[in-house]
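# Observations on the model geometry
Letter by letter, the chains look like this.
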Amino acid sequence: SRDPEVGVRAWDRDAMKRAGERLIAEGKIGCFTVAGGQGSRLGYDGPKGCYPTGAVTDKPLFQIFAEGILAHSRRHGVSIPWYIMTSPLNHEATVAFFHEHDHFGMNPDDVMFFMQGTMPSMDKATGRILLSGKGTIATNPDGHGGAIKALSVSGATADMKQRGIEHISYWQVDNPNIHVLDPVFIGLHATAKDSSGEMSGKMLAKAEPKEKVGVFCRSKVNCEPRTMVVEYSDLPDELAEATNADGSLKFLSGSPAMHMLGVAFIDTVASDPAFALPYHRAVKKVAHVDLESGEKVEPSEPNAVKLERFVFDAIPMAAKSIILETDRFEEFAPVKNKEGVDSIVTSKQMQTERAARWLEAAGTAVPRNADGTPDCVIEISPLTAVCAEDVAAWADRPAAITAGETVVL
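Presented here is a report on the structure given in the accompanying data block. As the structure is a prediction and not an experimental result, all values here were calculated from the model.

## Observations concerning the nonpolar core
Most often, soluble globular proteins keep nonpolar side chains buried together rather than apart. Core analysis: the largest hydrophobic core is formed by 41 residues, its most contacted members being F62, F65, I69, W82, I84, F98 and W171. Secondary-structure elements contributing two or more residues to this core are α1 (13-25), β1 (29-34), α2 (61-76), β2 (82-86), α3 (91-100), β3 (111-115), α6 (183-191) and β14 (258-262). If you tally residues by element for this core, the top one is α2, at 6 residues. The contacts of F62, once residues within four sequence positions are left out, are A35, G49, C50, W82, I84, T94, F97, F98, F104 and V173. Ranked by size, the runner-up nonpolar core spans 30 residues in total, among them F32, V34, F114 and Y170.

## Re helix α4 (residues 146-153)
Listed as buried for α4 are G146, A147, I148, A150 and L151. Here the buried face of α4 lies against β1, β2, β3, α5 (156-163), β9 (167-172) and α8 (263-271). Downstream of α4 by one or two residues, G155 has phi in the positive range, about 95°.

## Focus: the environment of K59
By the secondary structure assignment, K59 is in the loop between β1 and α2. Its relative accessible area of 15% is what places K59 among the buried residues. Sequence separation between K59 and S381 is 322 residues; the distance between their C-alpha atoms is 9.7 Å. Apart from the residues within four sequence positions on either side, K59 is in contact with Y51, P52, T53, G54, I64, E67, E379 and S381.

## Quick look at α2
Taking 1.5 Å of rise per residue, 16 residues should cover 22 Å, and α2 covers 23 Å from first to last C-alpha, within 8% of that figure. The buried count for α2 comes to 13 of 16 residues, which makes it a mostly enclosed element. G77, located one to two residues past α2, shows a positive phi value of around 65°.

## Things to note about the side chain of E67
The residue E67 is located in helix α2 in this model. The exposure class of E67 is buried, given its relative accessible area of 6%. A polar contact of 2.8 Å, which involves the side chain of E67, links it to the side chain of S381. Setting aside anything within four residues of it in sequence, one finds E67 in contact with K59, S381, P382 and L383.

## A word on empty space enclosed by the protein
In this structure the tally under the stated criterion is 2 cavities of 30 Å³ or more. Elements supplying a minimum of two residues to the lining of the largest cavity: α2, α10 (344-361) and β20 (377-379). Per element, the largest residue contribution to the lining of the largest cavity is 5 residues, and it comes from α2. Looking at side-chain class alone, the lining of the largest cavity contains 12 nonpolar, 6 polar and 4 charged residues. Space inside the second largest cavity adds up to approximately 60 Å³. Of all the secondary-structure elements, those providing two or more residues to the lining of the second largest cavity are β9, α6 and β14. Per element, the largest residue contribution to the lining of the second largest cavity is 3 residues, and it comes from β14. Considering only residue class, the lining of the second largest cavity consists of 6 nonpolar, 3 polar and 3 charged.

## Things to note about the pairing of β3
As paired elements, β2 and β3 share 5 bridges and run parallel to each other. Its bridge partner lying in β3, I84 is registered against F113. Handedness of the β2-α3-β3 crossover: right-handed.

The rules behind each value
- Residues numbered from 1 in each chain as written.
- Predicted model: local features only at pLDDT ≥ 70, side-chain atom pairs only at ≥ 80, totals over all residues.
- Heavy atoms only, no water.
- Core = buried A, V, L, I, M, F, W, Y, C linked by side-chain atoms within 4.5 Å.
- Buried < 20%, exposed > 50% of the residue type's maximum accessible area, 1.4 Å probe, protein only.
- Helix = DSSP H or I, 4+ residues; strand = E, 2+ residues; numbered from the N terminus.
- Contact = heavy atoms within 4.5 Å.
- Expected span 1.5 Å × (residues − 1).
- Polar contact = N/O pair within 3.5 Å; in protein donor to acceptor, adjacent residues only side chain to side chain.
- 1 Å grid on protein atoms, 1.4 Å probe; cavity = no way out; pocket = protein on both sides within 12 Å on 5 of 7 lines; lining within 4 Å.
- Points joined across faces, edges and corners; volume = space filled by probe spheres on them.
- Nonpolar A, V, L, I, M, F, W, Y, C, P; charged D, E, K, R; others polar.
- Pairing = 2+ DSSP bridges.
- Right-handed = clockwise from strand over helix to strand, strands pointing away.

Shown next as structure tokens:
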């Protein structure tokens, strides 16, 4: 733990892993992906989950996730349902994509799609609601926090209860390195004595002060200390850059949007008005109709206010939350931009780096450049391995990889 109030806590990783594996095998764990975004920032015309992302094969994000779920399903001999939240912008295209690809080998009955809600977009200068056409309000998806309500009203949580699902693994669609099911995290969330089994999160040390991830911190709710997340856009620069005596960041604990959620907790938050998640303000570009001329306006600068809810605002509502620190290369390779930071280029590099580490840990020689990066491109399918231990147990793994080689395992 990095929390000075709590100190360093000893815990039995193997016991938590066994507990998580038992819950998976008992059919008590489901998967949930927030996938309402479009690939427009990537220069891709379609749902972001359809974007070709595999380091070598260019497998779409949805296929990478499906293979991970299938791998765990086969390992534990149990059907694992997958709930996918779309938006009105991409729902039909997402469903069609899954049908086109035969649900990537999953049973269609185990894949459920539902849409998140929307909110009106308002003019930044006047506060008036914008129109996208005659008599039609310009709307925007209500953020990943809309997942709490959408899970309930769509019937997803009812389906979970019917199946005996007690907890779900939550991730956002842009991260190909996600561990769709992490037995250690599941075990901590659901069985650790200092967790209420309501909502837990993973954290990673921020790469730099202004990295665009939320920050875990501690605050008081009704005089009780609770864990919470402050969104990067809400954290003042002086706090984002604040350091300890040793030069480390005071607000170091970044949130990569990986959570475990209890199904009963989702229903509580969704049904009780007292627990309604707050709205956050974001200024964005929104196409609209000019009321004077009736002409369509495509703004070149941010012109509108969008209101969004964030799922992490539910964390303080949990009585006790576990936050598990993870490794950036192991679990976080986001595809958010066409180039630069968090782009498809850096994502593929990080996918290769993780694969290289897994192989090296198993004894395979991997060529590296002078700067330490792999001198090759490697993609390991989740159907081959979902963790480093799987690679170590694989008898047919290569003894060595040649410099410049492209490898698919």
